[in-house]
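# Chains, contacts and geometry: an overview
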Amino acid sequence: MPDTSHMTGRRILLGVTGGIAAYKTAELVRQFKRAGAEVRVVMTPDATRFVTPLTLGTLSENEVHIEIFPENEAGSWTKHVALGLWADLFLVAPLTAQTLSKLVDGACDSMLTAVSLTARCPIMICPAMDHDMYIHPAVRTNLDTLAERGVTVMEAEHGELASGLIGQGRLPAPDAIFERASELLASLDTARSGPLAGKRVVVTAGPTRERIDPVRFISNHSTGTMGFELARAAARRGADVVLIAGPVSLETPDGVRRIDVESTADMYAAVMDYREADVVIMSAAVADFTPSQPSESKIKKQGGDAALELAPTTDILANLGVSKADGQTLVGFALETENGLENARGKLERKNLDWIVLNNPTESGAGFGTGTNRVTLLARDGRSVDLPVLPKAEVAEAILELAVLNTALEDIDPTA
Ligand code: CTP
């Protein structure tokens, strides 16, 4: 039985677009209503071919809105504003490729698209379409763009599709959508009263890729897990979190704004846009070197050795350290295989950091690709805290408490 406590009294604005899965929204409306939420429905004109406004109107016990200029309704054209302001959550399910592209462009040719511009509440989308459409770069780019704007994207499921093909593109079951929406509302409840409410936290995660030629690059084994857990932990405490991620395949934590980057230069530019943040945690495994002259075309074998000339990348953290504002907290990571404490302390001083998180990838239970980590936190004021091997989510909780919130070690319960 899903937890329904965060739904009671909530105002859910459900947007339905014209895909075959639209019929599933009848059950979704019933679930929201059963949990005590108020539901209003907006549909695109095409959605009415798949499920009738009469069905969704009857189940939601509210009039369904479709056109932005309904016939015979003089004076009611500001409904798109009223509906947008009314909602606690604007959920679009299913979202077709067509309406997705309109949401990206800010088109407002129907009540649904207009409301997406007036809504001040969180927006969650459930894209659903045929597999080849779902994986098309145009659709993926549009989904990334909305995610960067802070929209929660619930990815489609893999399975049998209306076309008869098998692949990713199915709308998740109403139960699963309901649960994800409840989680989102619950996380917002916690966030509003959290200790980091009103603070901007920037987290970098994952590897960077340095281009050698159009098909090759230099990178490392970072999976981004540690950074994503840090972003999740900061959002749970109410921070406005910007997650700047190198190429990784992880889902964006709820309530986190994500910016995808590839190279160190991209990451540097993205971080600099947020250099005024209250807290910056550089957990990304940033490449230290980049090919001096990446080739425009694929480098061919020359029948002998090949040499690659490398140049140092910009040290993002060191740059932040130089311009560090009063009251800003800078946290770095050090990955050391020998003389860890000494090297990490050196980095902390050199880069003008408040804390550095030391880990050794060769220790068991630590480093890239494991679900756990064992770290030592070193503070500018000389404190040093050894944590045991813990799941990365708990390491993230401890780092936030110690380094960002200055909680005393004995008061931390990483499992809380
Ligand atoms: N970092 C950065 N920009 C870079 C390289 C690293 O911001 N171009 C950040 C990392 O995100 C991390 C910290 O700096 O927080 C790591 O410091 P660094 O001196 O790069 O460590 P190593 O790469 O391990 O350096 P070295 O090879 O000197 O040990």
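Note that the structure is predicted; figures quoted are calculated from it, not measured.

## Some words on the packing of aromatic side chains
For any pair of aromatic rings, the description rests on two quantities: the centre-to-centre distance and the angle between the ring planes. Applying the stated rule across the entire model yields 1 aromatic pair. Ring plane angle 40° and centroid distance 5.5 Å describe the contact between Phe32 and Phe178, whose orientation is recorded as tilted. In this pair, Phe32 is assigned in helix α1 (residues 25–34) and Phe178 in helix α8 (residues 174–192), connecting sequence segments 146 residues apart. Given a relative accessible area of 1%, Phe178 falls into the buried group. Directly above the aromatic system of Trp86 lies the positively charged group of Arg40, at a separation of 4.5 Å from the ring centroid. In this structure, Arg140 packs its charged tip against the face of Tyr134, placed 4.9 Å from the ring centre.

## What about the site of the ligand?
If you check the shell around the ligand, you find 15 residues, and the closest are Met282, Ala284, Asp288, Leu317 and Lys347. Here Ile316 contributes a backbone N or O atom positioned 3.0 Å from a nitrogen atom of the ligand. When isolated, the ligand has an accessible area of 580 Å², and the protein chains bury 76% of it. When residues of the shell around the ligand are traced back to their parent elements, those giving at least two are α11 (316–322) and β16 (329–335). For the shell around the ligand, the class distribution of residues is 8 nonpolar, 3 polar and 4 charged.

## Here we look at the side chain of Asn360
Along the chain, Asn360 falls in the loop between β17 (355–359) and β18 (372–373). Since its relative accessible area comes to 16%, Asn360 is described here as buried. In this view, Asn360 contacts Glu336, Thr337 and Ala366; residues no more than four positions away in its chain are not counted.

## Digging into the domain arrangement of the chain
Here the domain parsing of the chain yields domain 1 (5–188) and domain 2 (195–411). Taking only C-alpha atoms into account, the centre of domain 1 sits 35 Å from that of domain 2. The interface of domain 1 with domain 2 comprises 12 residues on the first partner and 9 residues on the second. Buried area between domain 1 and domain 2, summed over both chains or domains, comes out near 720 Å², and the portion from carbon and sulfur atoms is 40%. Our count for the domain 1 to domain 2 interface comes out at 2 salt bridges. Among the ionic pairs, Arg180 bridges to Glu251, the shortest N-O distance being 3.6 Å. Those elements giving two or more residues to the side of domain 1 that touches domain 2 turn out to be α7 (137–148), β5 (152–153) and α8. Its residues assigned to classes, the side of domain 1 that touches domain 2 comprises 3 nonpolar, 3 polar and 6 charged.

Calculation criteria
- Numbers given to residues run from 1 along each chain, matching the order in which its sequence is written.
- Only residues with pLDDT of at least 70 are given local features in this predicted model, and only at 80 or more are side-chain atom pairs given and counted; all residues enter the totals for whole chains, interfaces and linings.
- With hydrogens and water set aside, each side-chain value is computed from the structure's full complement of heavy atoms.
- Only Phe, Tyr and Trp rings take part, Trp by its six-membered ring, and two of them pair if their centres are within 6.5 Å. Stacked means planes under 30 degrees apart, edge-to-face means over 60, and tilted covers everything else.
- Numbering of helices and strands runs from the N terminus, with a helix taken as a DSSP run of H or I at least four residues long and a strand as a DSSP run of E at least two residues long.
- We call a residue buried when its accessible area falls under 20% of the maximum for its residue type, exposed when it is over 50%, and partly exposed in between, using a 1.4 Å probe and counting protein chains only.
- Comment: the charge-over-ring label is applied if NZ (Lys) or CZ (Arg) is within 6 Å of the ring centre and within 35 degrees of the ring normal.
- Here a residue is near a molecule or strand as soon as one of its heavy atoms is found within 4 Å of it.
- The term polar contact refers here to a pair of N or O atoms within 3.5 Å; inside protein, the definition further demands a hydrogen-donor-capable atom paired with an acceptor-capable atom, and it admits residues adjacent in sequence only when both atoms are side-chain atoms.
- Per-residue and other accessible areas follow the Shrake-Rupley method at a 1.4 Å probe size, with only the shown protein chains counted as cover for residues.
- Put simply, Ala, Val, Leu, Ile, Met, Phe, Trp, Tyr, Cys and Pro go in the nonpolar bin, Asp, Glu, Lys and Arg in the charged bin, and everything else, Gly too, in the polar bin.
- Note on definitions: a residue-residue contact is assigned when non-hydrogen atoms from the two residues lie within 4.5 Å.
- Delimitation of the domains relies on an automatic or database domain assignment.
- Buried area: the sum, over both parts, of the accessible surface (1.4 Å probe) that disappears when the two are put together.
- The rule for a salt bridge is simple: a side-chain nitrogen of Lys or Arg has to be within 4 Å of a carboxyl oxygen of Asp or Glu.

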